[in-house]
Amino acid sequence: MNFVPAPPPELVDYFERMRPLVDDTIAKLGTARFREDPIAGRKYSRATSIISSAYKRHGSILNRALLERINDCARLRVWAEDDFKLSHDSLREVRGSERIEPLLRACLPYGDRERSVGVDILVFDQETRALTAYSVKRGNGSYDGGKRRIIQEELVRIHMLLADYGRVIGLTPRSSHAHIIFYYGLMSLPSPLAIAGAMLDEHFRFPVREAIECVNAYFVRCLYDLIEHES
């Protein structure tokens, strides 16, 4: 296996929590079926298949790596929500407004369900009592206009419902906001909705980037080893 530097002592426990996810991802990549392309042959068809699948699976690793790391911060309560209800009112508001600013000042009641979405990460800061929702994207490619509109619409609807969601689950947030993190910095939405990965340490007031990059380095080495083994 290619050499992977050991994580700093303060990140060993974090890294060991993340290692099984990376190992499982690599194992699944190694057993995935692929179709041999006539001009690429078996070797390059296989490598292309592995890399293409790795791009998609890496988003889940980034999401989990960030969640696990910020969960190490004592002042932050962290969880994921698989069933965040988007109300009919939130749909009417976002479809009826031509500007985003009024929507970011709106606070709607939570509970009605037009449909539900998953929220990758929710964070409640127990010092500032800020409740924040995050969607995590790799941010190394761009979306077309239609996809950007769908992503922004969903994020704004979460934003409008988030404060009351907090109260429903027993919190007393003083502020609330929904963000989308584009880890590698190619931002498909404007600020303040979007956050680049380079800003995460400052945003959370806690060091997260070094930890995530330790996991990324391990994933990359394992991925390269898999491709080289298949060659």
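Below or above, wherever it landed, is the structure these notes cover.

Definitions and cut-offs
Residues numbered from 1 in each chain as written. Predicted model: local features only at pLDDT ≥ 70, side-chain atom pairs only at ≥ 80, totals over all residues. Heavy atoms only, no water. Helix = DSSP H or I, 4+ residues; strand = E, 2+ residues; numbered from the N terminus. Areas by Shrake-Rupley, 256 points an atom, 1.4 Å probe, with all protein chains shown as cover. Lys, Arg positive; Asp, Glu negative; His and termini not counted. Charge placed at Lys NZ, Arg CZ, Asp CG, Glu CD. Buried < 20%, exposed > 50% of the residue type's maximum accessible area, 1.4 Å probe, protein only. Pairing = 2+ DSSP bridges. Axes fitted to C-alpha atoms, helices over the stretch in contact; angles between N-to-C directions. Contact = heavy atoms within 4.5 Å.

What the protein chain contains, in helices and strands, is seven helices and five strands. The principal-axis extent of the C-alpha atoms belonging to the protein chain is close to 55 × 45 × 25 Å. Taken as a whole, the protein chain presents about 12,300 Å² of accessible surface, with 50% of it coming from carbon and sulfur. One way to put it: in the protein chain the 33 positive side-chain charges average out to a point 3 Å from where the 32 negative ones average out.

To continue, consider the environment of R149. Turning to its location among the elements, R149 is positioned in helix 5 (residues 145-168). On the accessibility criterion, R149 (49% relative accessible area) is partly exposed. Measuring from C-alpha to C-alpha, the distance between R149 and S188 comes to 9.8 Å, with 39 residues separating the pair along the chain.

So, on to the sheet that holds strand 1 (residues 76-86). Spatial ordering of the open sheet is given by 1-2-3-4-5, a layout of five strands whose pairing is mixed. Two strands close off the open sheet at either side, each with one partner strand: strand 1 and strand 5 (194-196). Ignoring strand direction, the axes of neighbouring strands in this sheet form an average angle of 35°. With respect to the sheet, helix 2 (residues 41-70) is in contact with strand 1, strand 2 (115-125), strand 3 (130-137) and strand 4 (175-182), its orientation differing from that of strand 2 by roughly 35°. Contacts between helix 5 and the sheet are confined to strand 1, strand 2, strand 3 and strand 4, with strand 4 contributing the most and set at about 150° to the helix.

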